[in-house]
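# Chains, contacts and geometry: an overview
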Amino acid sequence: MKKLLYIVLLAAVAIPAVVSCGSDNNWEDYKDWREANNTWYEQQVARTNPDGTPYFTAVSPAWLPNNGVLIHYFNDRKETEGELSPYITSTVAVKYKGHLYDGTGFDSTAVSGADTVRTFPLSGVVKGWQVALTDMRVGDTAEVVIPFPMGYGETGSNSILPYSALRFGIKLVDIPSYEIR
């Protein structure tokens, strides 16, 4: 009986010790993936149009200094001038396609060939979407690149691995609830 008690006590001490020696985060586990994502993101920062001008605009709002996303608008923004831009407290209606840096798709409003619209509160999405959509106006269509800290960070989400840079094609269709609280 004493042997069983010693085994149980030893296991109670040893298991937490072994677990605590493991990695507290995924930094080393995802080293190659993280480096590939960071390299791709830096390539997007340096990307240029045929005329040599930057392809993306870095957007970093006053409410989140030193953090931001890259945006390339496909439409002429003069055409959407005067249209509403959402606040963080707004509900937005969007069409989108999401991809990882390597082109793997992970989410889209295009379902079975039909391009649907999804509506959700902007406060419930990743920071990168909040930054991008508050810069957009109703009717804008853009490519948005989100660095991993503004996406799903060090933990990932479902099919999105930790340290994933994200690329979205987004169209802001409407702002059905324009809350400014």
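Residues numbered from 1 in each chain as written. Predicted model: local features only at pLDDT ≥ 70, side-chain atom pairs only at ≥ 80, totals over all residues. Heavy atoms only, no water.

### Notes on the overall build of the chain
This is how the line gets drawn: Only DSSP runs of H or I with at least four residues qualify as helices, and only runs of E with at least two residues qualify as strands; both kinds are numbered from the N terminus onward. Each residue is placed in one exposure class: buried if its accessible area under a 1.4 Å probe, protein chains only, is under 20% of its type's maximum, exposed if it is over 50%, and partly exposed if it falls in between. What makes two residues a contact is simply this: any of their non-hydrogen atoms within 4.5 Å. Accessible surface area values rest on a Shrake-Rupley calculation with a 1.4 Å probe, where residue burial reflects the displayed protein chains alone.
Across its full length, the chain carries three helices and nine strands. Counting from the amino terminus, the chain carries its helices and strands in the arrangement α-α-β-β-β-β-β-β-β-α-β-β. Out of the 181 residues in the chain, the part that is buried amounts to 36%. Considering only contacts within the chain whose residues lie at least 6 apart along the sequence, 70% involve residues at least 24 apart. Total accessible area on the chain stands at roughly 10700 Å², and carbon and sulfur atoms take up 56% of it.

### Looking at the confidence of the model for the chain
Test applied: The pLDDT value tells you how sure the predictor is about a given residue, anywhere from 0 up to 100.
Summary statistics for the chain give a mean pLDDT of 86 and a share of 83% for residues scoring 70 or more. Contacts for the low-pLDDT stretch residues 2-23, under 50 throughout, to residues beyond four places or in other chains number two contacts.

### Regarding a nonpolar patch on the surface
For clarity, the threshold we go by: Patch construction takes residues with relative accessible area above 30% that form no salt bridge. Like charges are linked within 9 Å, and nonpolar side chains (Val, Leu, Ile, Met, Phe, Trp, Tyr) are linked within 5 Å. Take a side-chain nitrogen of Lys or Arg and a carboxyl oxygen of Asp or Glu: if they are within 4 Å of each other, that pair is a salt bridge.
Together, Leu84, Tyr87 and Tyr178 make up a nonpolar patch on the protein surface, roughly 280 Å² of accessible area in all. On the secondary structure map, Tyr87 appears in the loop between β2 (69-73) and β3 (91-100). A relative accessible area of 40% means that Tyr87 is categorised as partly exposed.

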